[in-house]
Every structure is written in structure tokens, then in C-alpha cells.
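Overview (structure and organization)
If you want the building blocks of each chain, they are given just below.
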Amino acid sequence: MSTSSLSGSASGSIPGPRTSPTASRVRHGLAPWGRIAGLALCALLTLGPVIWTVSTSLRTPAESFDLPPKIIPTDPTVDAYRGVFDQIDVWLYALNSTLVTALIAAGQMITAGLAGYAFARLEFRFKKPLFALVLATMMVPLQVTMVPVFLELKTIGLTDTLLGLIVPAFPTAFGTFLMRQYFLGMPKDLGEAAMIDGAGPWRVFRSVYAPLAAPGLAIVGVLAFNYHWNEFFRPLILETSTENLTLPLGLVSLQGNLGTGSISVVLAGVVLSMIPAVVVFVVGQRPLREGITSAGVNR
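Please read these numbers as outputs of a predicted model, since none were measured by experiment.

Here we take up the overall build of the protein chain. The number of helices and strands found in the protein chain is 16 helices and zero strands. Among the 299 residues that make up the protein chain, the fraction classed as buried is 36%. Considering only contacts within the protein chain whose residues lie at least 6 apart along the sequence, 72% involve residues at least 24 apart. Of the roughly 18100 Å² of accessible surface on the protein chain, 70% is carried by carbon and sulfur atoms.

With that settled, consider the packing of helix α8 (residues 173–184) against helix α11 (residues 214–229). Two numbers describe how α8 lies on α11: the axes approach to 10 Å, and their chain directions differ by 165 degrees. For the element pair α8 / α11, the angle class is roughly antiparallel. Taken as a pair, α8 and α11 cross one another with a handedness that is right-handed. Seen from α8, the contacting residues are F174, G175, L178, M179 and Y182; seen from α11, they are P215, G216, L217, I219, V220 and L223.

Time to look at the pattern of salt bridges. Charged atoms that come close allow side chains of opposite charge to pair. All chains considered together, the criterion is met by three salt bridges. Across the pair E231 and R234 runs a salt bridge, and its minimum N-O distance is 2.6 Å. The same class applies to E231 as to R234, namely buried.

Looking at the secondary structure, you find D160 in the loop between α6 (142–155) and α7 (162–166). Ignoring anything within four residues of it in the chain, the contact list for D160 reads L238, E239, T240, S241 and N244.

If you check the backbone angles, F126 has positive phi at about 60 degrees while not being a glycine. Examined against the element boundaries, F126 turns out to sit in the loop between α4 (90–121) and α5 (127–136). Although it is not a glycine, D160 sits at a positive phi angle of roughly 60 degrees.

Before going further, it helps to examine the packing of aromatic side chains. The relation between two aromatic rings is expressed through the spacing of the ring centres and the mutual angle of the planes. Within this structure, the stated rule accounts for ten aromatic pairs. Three or more aromatic residues joined by ring pairs make a cluster, and in this case those are Y117, F183, W202, F205 and Y209. The positively charged end of R180 is found above the aromatic ring belonging to F131, 4.3 Å away from the centroid.

A few words now on the confidence of the model for the protein chain. Low-confidence regions, as indicated by low pLDDT, have predicted coordinates that should not be scrutinised in detail. Here the protein chain averages 82 in pLDDT, while 83% of its residues score no lower than 70. In this model, residues 1–13 is a region of pLDDT below 50 whose contacts with residues beyond four sequence positions or in other chains number one contact. This stretch, residues 295–299, has a pLDDT under 50; its non-local contacts, to residues over four places away or in other chains, come to five contacts.

It is worth spelling out helix α3 (residues 79–87) at this point. Those residues of α3 that sit buried are A80, Y81, G83 and V84. Seen from one end, α3 has its buried residues packed into an arc of 155 degrees, which puts them on one side.

Judged by side-chain polarity, L47, V50, I51, V54, I71 and I72 come together as a nonpolar surface patch covering roughly 520 Å² of accessible area. Tracing the backbone through its elements, the reader meets I72 in the loop between α2 (21–57) and α3.

Each value, and the rule that gives it
Residues numbered from 1 in each chain as written. Predicted model: local features only at pLDDT ≥ 70, side-chain atom pairs only at ≥ 80, totals over all residues. Heavy atoms only, no water. Helix = DSSP H or I, 4+ residues; strand = E, 2+ residues; numbered from the N terminus. Buried < 20%, exposed > 50% of the residue type's maximum accessible area, 1.4 Å probe, protein only. Contact = heavy atoms within 4.5 Å. Areas by Shrake-Rupley, 256 points an atom, 1.4 Å probe, with all protein chains shown as cover. Axes fitted to C-alpha atoms, helices over the stretch in contact; angles between N-to-C directions. Parallel < 35°, antiparallel > 145°, perpendicular 65-115°, else oblique. Left-handed = near helix turned anticlockwise from the far one by under 90°. Salt bridge = Lys/Arg side-chain N within 4 Å of Asp/Glu carboxyl O. Phe/Tyr/Trp six-rings, centres within 6.5 Å; stacked < 30°, edge-to-face > 60°. Lys NZ or Arg CZ within 6 Å of the ring centre and 35° of its normal. pLDDT = per-residue confidence, 0-100. Arc of directions from axis to C-beta. Patch = residues over 30% accessible without salt bridge, like charges linked within 9 Å, V, L, I, M, F, W, Y side chains within 5 Å.

What follows is the structure, given as C-alpha cells:
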């Protein structure tokens, strides 16, 4: 054997220690359990306050401040929920919130769809500066624009009305940005084929792109509903009459129970206010998932 071959074999890489099949199986078996444990911990941290709220709403006033607090009430009762209906007009406030939130969600779906399509597929002057201006409005806090909006609504007589809550919330910069990105991910060939057949821009949007953008519009609608259902600041400024209050404002009347130690009544009202938002999220979870997935695939 030549010297070069000996040196080559001597300088070859020496195989390192091999991992035993048993250790490899153990490591691969523990990996899913580690992820499950991490997700369970995150879920517990997220749902912990909700679980405590529901549990406390089922306790008696005397049991509300037990230390350490008990997750499962000793003597569950729904008296706190009866107290909520006795102290405030839950049905009226819930009706006002449902009307305002549903119309805002529908309005934002329409305006976001039209504006997003225009910025994505139509060509017009100052298109990019206008879109940059729309995005810039996302940086402006709501508190800054509240005074001008209030003065405008007062001028046209829409303060202390549900319509004054609904109409100013129709434009949505985030929804416009989201739908623009959604339409940009769709193939241009579909619109061009419709134009060859004689369809105009409105017909192309209504018959071709709008049906394909339904998951994206569902995202806008669900997010708008969840946000405006819990909205407190704008109704607080714009509404003064009791019959025009939304549910978050109506629940403020329950804070007097904190002085008497009946925290269960307050948290029962909080639980009641969470139910519609949870239902909308559960129902809209599939469109949300499909919209996010399809948007990712289009990219």
C-alpha cells in the first residue's frame, strides 16, 4: 500500500459517537409533549382570568373575597346574574350594542373591500400618496381625532344618537390595507378575462373578485365586531341618554356593588358581555382561518 493512501486513510474523519436508537426515540417522543406542555401553559395564562371571572360570578358575595381564592365555588349560585338584570336594562343595552356593532362591521366590510380593490387593481392619479395617507391615519390615536369628530357630529345633530356612533366608524385604514394585500394576491388573469368579455371595473369587482375575497372580508367583519362590541371611549363621549347606552357603558352602573362587597354581580355582567363576542369568534373562526391560509398561499 502506498504512503499516500496510508496518509489519506489516516487523515480521514474519525466517526464520532453514535446516538443509540433508544435515546433517539426518547428524544423524539418527548418533543411533542414539550410542545403540548408549552401550549397548555400559554392557554392557562390566557384563560386564567376568564376562568376566575366565571368562577367568581357564581359565588356568593361572602365567598367573593376568600383567600386563597377557590377556582370551584363551594356553593354555586346564579343570584349575581339575576342581580345584573335587576339593576340595569341588559336587553336594551345589548340591543344597542348589537345594532351598532353589526352595522359597523358590515360598513367596514363594504368600505374596506371597495377601497382595497381600488388601491390594488385600479390606476388613478396620486394612488401611492393616497394609500400612504391612509396608512398614516393608523398612527393617529383615537383620542386626537375625537374632538373634531364630536364637533362635526354636533354640527349635523348626530351627537347622542346611535347613528353618530355608526357612521364615523365606517372607514377603516387597517381593513383597507388588509383587503389591498388580499386583492394583490389574486391573479390578474381573472379580471382581464372578464374585461375582454365586456365587463367594467364595477362588474369585475362584484362578479369576480368580491366572491373570492369573502374570507378576507370575513376577517375584517369579525375583527370589527369584536373591537367595537367592547368599545368604551367613543360611546362615553358621544352618548349621554340612558336609552342610547351600549352594553360596556351600561355595565359601569354595576360598579356601585364593589362598595357593598358584591363583586359577583360586577363579574356576572362582564361574563354576559363576553358571550356575544365569543359566539361571533367561534362562528367566524373558520372564515378567519381560511382567509389567513389562502392569503399565505397566494403570497
